[in-house]
Amino acid sequence: MAFCTNCGSQVADDARFCNGCGSPVGTAAAAGVPASAAPMAMARPPAPNIPLEYKIHGDNLEVVRVTLKRGQDLQAEAGKMVYKTPSVQWETRMSGEGIGGKLMGALKRKLTGESLFLTHFTGEGEVGFAGDFPGRIQAFDLAAGQAILVQRDGFIMAESSVKLDIAFTKKLGAGLFGGEGFILQKLTGPGTAFIHGGGDFIEFVLAPGEMLQVDTGCIVAFDESVKYDVQFAGGIATSIFGGEGLFLATLTGPGRAIVQSMTLSKLRRELGGGIGAKSGGGEAHGLGAITSILGGNN
């Protein structure tokens, strides 16, 4: 009985090819038969792409409950986990490949207001995630190459196949007065990603050229195809006493946009310590913007 010199499998004396690896043996090997001419061994079928099983539970204090299966890997923002079963393993890592990639990833995450590290969850079991203040959780099933732009601090968690990056606003006015700053989070598929925002969500599907004016800071997320800019709100009296501030964010289609009814800054102001809480109205919001620009908000 002969043995294959490539994989060591036992082969019949009159066999020309190994049943295990397909390499030529015996007279076939002596004749110099190329391995490509050999019959291919039975390959193990690839593991199926298992869709993420999850349920968003609750109302305005929502929790996303994920049932992890073997082979699945979640990456989450530090501090967003609420609970997990003991069978789920977790590990804190820096995103990126190599030392340089990890340092660059940490810098990008710092610019978006997130922590330097991501927590990865693997195994079989259940794990729950939530935001840091009352609001909604939205899931996005992203195709390969599909991207969404998200407000700073909006990311909760995603499948490890989703790429996390930053995107810069292309216009000076949008960066200075848009309520989101110059830097947004960019999530690119494939995979499922989850974001969090304040209050309730309102979703718009904008046609090409269709515009939507939004209070600055109320934008949660929008498709990469949507154009983002900031415009002056209108007359001086409207800007000062209208309660909406001096500027409005403008979104232009095509694409999807999600708006939140409550921002974290509004929540803080109403709970105390802000001009709106002391004066008790939206009118103070416009006056506060003026005094801030003039340096009178001490």
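Parameters at a glance
- Residues numbered from 1 in each chain as written.
- Predicted model: local features only at pLDDT ≥ 70, side-chain atom pairs only at ≥ 80, totals over all residues.
- Heavy atoms only, no water.
- Pairing = 2+ DSSP bridges.
- Helix = DSSP H or I, 4+ residues; strand = E, 2+ residues; numbered from the N terminus.
- Axes fitted to C-alpha atoms, helices over the stretch in contact; angles between N-to-C directions.
- Salt bridge = Lys/Arg side-chain N within 4 Å of Asp/Glu carboxyl O.
- Core = buried A, V, L, I, M, F, W, Y, C linked by side-chain atoms within 4.5 Å.
- Buried < 20%, exposed > 50% of the residue type's maximum accessible area, 1.4 Å probe, protein only.
- Contact = heavy atoms within 4.5 Å.
- Phe/Tyr/Trp six-rings, centres within 6.5 Å; stacked < 30°, edge-to-face > 60°.
- pLDDT = per-residue confidence, 0-100.

Student: How should I be thinking about the sheet that holds strand E11 (residues 147–150) in this particular structure?
Tutor: The strands that make up a sheet are held in pairs by hydrogen bonds between backbone atoms, and each pair lies either parallel or antiparallel. In spatial order, the strands read E13-E14-E11-E18-E21-E16; together these six strands make up an open sheet with antiparallel pairing. Of all the strands in the sheet, just strand E13 (163–168) and strand E16 (201–206) have a single pairing partner and so form its edges. In this sheet, neighbouring strand axes are inclined to one another by 20° on average, regardless of whether the strands run parallel or antiparallel. Inspection of the sheet shows strand E18 (residues 219–223) paired to strand E21 (residues 255–260) by three bridges, in the antiparallel sense. Among the inter-strand pairings, Phe222 is bridged to a residue of E21, identified as Ala257.

Student: For this particular structure, what's the right way to read the sheet that holds strand E8 (residues 118–123)?
Tutor: Overall, antiparallel pairing links the six strands, which are arranged E7-E8-E5-E12-E15-E10 in an open sheet. The sheet is open, and its two borders are formed by strand E7 (88–93) and strand E10 (135–142), each paired with just one other strand. Taking each pair of neighbouring strands and ignoring which way they run, the sheet shows an average axis angle of 20°.

Student: I tried to follow the pattern of salt bridges on my own but got confused; where do I start?
Tutor: Opposite charge on two side chains permits pairing when their charged atoms draw close. Within this structure, the stated rule accounts for eleven salt bridges. Between Arg136 and Asp59 there is a salt bridge, and its shortest N-O distance comes to 3.2 Å. Of this pair, Arg136 sits in strand E10 while Asp59 sits in the loop between strand E3 (53–57) and strand E4 (63–68); the two residues are 77 residues apart in sequence, bridging distant segments of the chain. One continuous salt-bridge network, built from bridges that share partners, spans Asp59, Glu62, Arg136 and Asp200.

Student: For this particular structure, what's the right way to read the nonpolar core?
Tutor: Across soluble globular proteins, nonpolar side chains have a tendency to be buried as a group. Ranked by size, the top nonpolar core spans 17 residues in total, and within it Val214, Ile219, Phe222, Tyr228 and Leu251 carry the most contacts. Elements that contribute at least two residues to this core include exactly strand E17 (211–215), E18, strand E19 (227–232), strand E20 (247–252) and E21. With three residues, the single largest contributor to this core is E20. Beyond its immediate stretch of four places on either side in the chain, Leu251 contacts Leu206, Glu210, Met211, Leu212, Val214, Ile219, Phe222, Val226, Lys227, Tyr228 and Ala257.

Student: Would you take a moment to explain the packing of aromatic side chains for this structure?
Tutor: The description of an aromatic ring pair uses the distance of the two centres, along with the angle that the planes make with each other. For the structure on display, the rule yields four aromatic pairs. With centroids separated by 5.7 Å and ring planes inclined at 35°, the aromatic side chains of Phe222 and Tyr228 adopt a geometry described as tilted. On the basis of relative accessible area, Tyr228 is assigned to the buried category, the value being 12%. Joined through ring pairs, the aromatic side chains of Trp90, Phe121 and Phe129 make up one cluster.

Student: Would you mind going over the confidence of the model for the protein with me for this structure?
Tutor: Low pLDDT marks regions whose predicted coordinates should not be analysed in detail. Considering every residue of the protein, the mean pLDDT works out to 75; 60% of them sit at 70 or more. Across the protein, the element-wise mean pLDDT spans from 43 in helix H7 (residues 283–294) up to 97 in E4. Here residues 172–180 is modelled with pLDDT under 50, and outside its nearest four sequence neighbours on either side it reaches 27 contacts, counting other chains as well.

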